Amino acid sequence: MTFIPSLPLFKRPALLVVAWAGLPLVSMAQVNVTVPVEIEHSSNPALTTDEAIGVTRFRVSPQYTLVGRDGSTQTRFSLGGVLERSSNTSVSNHRSDPNLSYEIERGFPVGSLGLRASLSESSTRAEEFAETGVVASDATQRNMVLDGTWRRDLSDVSRLELGLGAAKVRYDTSSLVGYREVRSSVGGSYDLVDDTQLTARWEGSRLDPDQGTDRSTRRSFAVGLSTRLSEALRFMAEQGTVRTSGLGATRTPSTLLRLEYAGERLTSNLEWSRSTAISGSLAEYIRTRQFGWTVDYAWSERTSFSLAASQSRSEGAGGAVGSNWMAGLRHALDDFWSIEGRLGQLRTRPNVGGKAKSNVAGLVLTYSHPDF
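Residues numbered from 1 in each chain as written. Predicted model: local features only at pLDDT ≥ 70, side-chain atom pairs only at ≥ 80, totals over all residues. Heavy atoms only, no water.

1. So, the overall build of the chain
Looking only at helices and strands, the chain has 2 helices and 19 strands in total. Taking 21 Å as the expected radius of gyration for a compact globule of 372 residues, we find that the chain reaches 22 Å, a close match to that expectation. Dimensions along the principal axes, computed over C-alpha positions, put the chain at roughly 65 × 50 × 45 Å. The burial tally for the chain puts 36% of its 372 residues in the buried class. Considering only contacts in the chain between residues 6 or more positions apart, those separated by 24 or more positions represent 50%. About 20,500 Å² of surface is accessible on the chain, with carbon and sulfur atoms providing 58% of the total. Where the 41 positive side-chain charges of the chain centre and where its 40 negative ones centre are 4 Å apart. (Helix = DSSP H or I, 4+ residues; strand = E, 2+ residues; numbered from the N terminus. Rg over C-alpha atoms; globule rule 2.2 N^0.38 Å. Buried < 20%, exposed > 50% of the residue type's maximum accessible area, 1.4 Å probe, protein only. Contact = heavy atoms within 4.5 Å. Areas by Shrake-Rupley, 256 points an atom, 1.4 Å probe, with all protein chains shown as cover. Lys, Arg positive; Asp, Glu negative; His and termini not counted. Charge placed at Lys NZ, Arg CZ, Asp CG, Glu CD.)

This is the structure in structure tokens:
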């Protein structure tokens, strides 16, 4: 059916989005709308080592997601953004960060073909801190990403995957260097026994900075093992090597360890890795180590507790160790509304210079409709 004359007025924007995104109406399966409204106070958002200045921020982050399936083709369209207002723009800027993404995957009898495109804006301070632990200037990062994947089943127990992608990053500040990156990958997996899988993956990428500095390349190869230790516990490990060329040429081991637990009330993910990331201040690949831990515990049908902790470490004179933790208590008011209180802390310790911290407290009211 391609026309619904009795559709209510509040549903008609969804039809416009479907038509604009190129999705046939028959494929529309689910529309999700989420609107978090948050007020947050940070004691030192700039993470300065001298006199700290606190800021209160008001943030609205609406997100519209449309997921559809038409035969063997699955599509996903997402549109949203972050609108933020600060009590002191000399410390933390007002922000208006939109995001748009579209994914399509076509299934075949022995494999699949997928394509993903996205446009987004985000805070350079948040992005650099999460990736490298470094506190960057309070500016805007614009990201354009295009990725494609091709998967084929070689047999009942083995698979092959090819990937190709490109990314373009721009900054609205001269303290960070924009770049273009082209990526390719080849990977395979083999089922040893039930719930145990052996993987191997090669990745290559080239980084071209905007300001005429030398380009960099990255080559990596890793083998891994994923196995289920129990009904609720899964373990995954990867070990390999990463080689970079350019101003920061290195050859270092890469490691990934992940432990996932999914019980009746408790879910938890624990991950540690060492690899490379892109530094916006240098526009080159740098060595990093990252740790992350998330926990979610359902006290009752409507009340849950969450905890998230992470640490990012980058090497070199311009590197740093950045860590943060955030605890939250969430209560569902009804089927669509929930309220959550949050407490957390961010810390940074540059490899050269003093350390700083920021205490964070927030209150979030969220409207979420899983089938709008």
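Back to the write-up after that little detour.
2. Here we look at the nonpolar core
Residues Ala-136, Val-169, Tyr-171, Leu-176, Tyr-179, Leu-207, Ile-278 and Tyr-285 constitute the largest nonpolar core, which totals 8 residues. Beyond its immediate chain neighbours, meaning those up to four positions away, Ala-136 contacts Thr-124, Arg-125, Glu-128 and Leu-176. In terms of nonpolar packing, the next biggest core, distinct from the first, is built from 5 residues, Val-31, Val-33, Leu-66 and Phe-77 among them. (Core = buried A, V, L, I, M, F, W, Y, C linked by side-chain atoms within 4.5 Å.)

3. Observations concerning a nonpolar patch on the surface
A cluster of nonpolar residues, Val-37, Ile-39, Phe-58, Leu-333, Phe-336, Trp-337, Ile-339, Leu-363 and Leu-365, forms a patch on the protein surface that exposes about 740 Å² of accessible area. Those elements that place two or more of their residues in the nonpolar patch are strand E1 (28-42), strand E18 (337-350) and strand E19 (356-369). What makes Ile-39 partly exposed here is its relative accessible area of 45%. (Patch = residues over 30% accessible without salt bridge, like charges linked within 9 Å, V, L, I, M, F, W, Y side chains within 5 Å. Salt bridge = Lys/Arg side-chain N within 4 Å of Asp/Glu carboxyl O.)

4. A closer look at the pairing of strand E6 (residues 111-123)
Relative to E6, strand E5 (residues 95-108) runs antiparallel, the two sharing 10 bridges. Each residue of the ladder has a partner; that of Glu-103, found in E6, is Arg-116. (Pairing = 2+ DSSP bridges.)

5. Structural notes on the packing of aromatic side chains
Both the distance between ring centres and the angle between the ring planes are used here to describe each pair of aromatic rings. Summed over all chains, the structure comprises 4 aromatic pairs. Judged by centre distance (6.1 Å) and plane angle (40°), the ring pair of Phe-336 and Tyr-367 falls under tilted. Of this pair, Phe-336 sits in the loop between strand E17 (320-332) and E18 while Tyr-367 sits in strand E19, and the two are 31 residues apart along the sequence. Given the relative accessible area of 33%, Phe-336 is considered partly exposed. Through a chain of ring-to-ring contacts, the aromatic side chains of Tyr-297, Trp-299 and Phe-305 assemble into a single cluster. (Phe/Tyr/Trp six-rings, centres within 6.5 Å; stacked < 30°, edge-to-face > 60°.)

6. Regarding the pattern of salt bridges
Under the criterion given, the structure shown has 24 salt bridges. Arg-218 is paired through a salt bridge with Glu-181; the nearest N and O atoms lie 3.3 Å apart. Taken as a pair, Arg-218 in strand E11 (residues 216-228) and Glu-181 in strand E9 (residues 179-193) lie far apart in primary sequence, 37 residues in all. Residues Arg-218 and Glu-181 agree in their burial class; the two are buried.

7. Structural notes on the environment of Val-177
Of note, Val-177 is situated in the loop between strand E8 (158-171) and E9. By relative accessible area, Val-177 is classed as buried at 11%. When residues no more than four places from it in sequence are discounted, the contact partners of Val-177 are Tyr-171, Pro-209, Asp-210, Gln-211, Gly-280, Ser-281 and Ala-283.

8. Points about the confidence of the model for the chain
When pLDDT is averaged across the chain, the result is 89; 92% of the residues are at 70 or more. Predicted confidence is poor over residues 1-27, with pLDDT under 50, and the contacts of this stretch with residues over four places away or in other chains come to 30 contacts. (pLDDT = per-residue confidence, 0-100.)

9. Considerations on the environment of Arg-349
Looking at the element boundaries, Arg-349 is found in strand E18. By relative accessible area, Arg-349 is classed as partly exposed at 44%. With 215 residues separating them along the chain, Arg-349 and Val-134 place their C-alpha atoms 8.5 Å apart. Arg-349 has contacts with Arg-313, Ala-320, Val-321 and Lys-355, leaving out every residue within four places of it along the chain.

10. Concerning the side chain of Ser-216
As for its position among the elements, Ser-216 is in strand E11. When residues no more than four places from it in sequence are discounted, the contact partners of Ser-216 are Ser-205, Arg-206, Leu-207, Ser-245, Gly-246, Glu-284 and Tyr-285.

11. Topic: a positive patch on the surface
A cluster of basic residues, Arg-289, Arg-313, Arg-347, Arg-349, Lys-355 and Lys-357, forms a positive patch on the protein surface. On the secondary structure map, Lys-357 appears in strand E19.

12. What to know about unusual backbone geometry
Here the phi dihedral of Leu-47 falls at roughly 50°; this positive angle occurs in a residue that is not glycine. Residue placement: Leu-47 occurs in the loop between E1 and strand E2 (55-60). One non-glycine residue, Asp-195, lies in positive phi territory at about 65°. Structurally, Asp-195 can be placed in the loop between E9 and strand E10 (196-209).

13. Some points on the side chain of Ser-42
Assignment of secondary structure puts Ser-42 in strand E1. The class of Ser-42 is buried, set by a relative accessible area of 1%. Reaching out from Ser-42, the side chain makes a polar contact with the side chain of Ser-358 at a distance of 2.7 Å. With near-sequence residues (within four places) excluded, Ser-42 lies in contact with Gly-54, Val-55, Arg-57, Ser-358, Asn-359 and Val-360. (Polar contact = N/O pair within 3.5 Å; in protein donor to acceptor, adjacent residues only side chain to side chain.)

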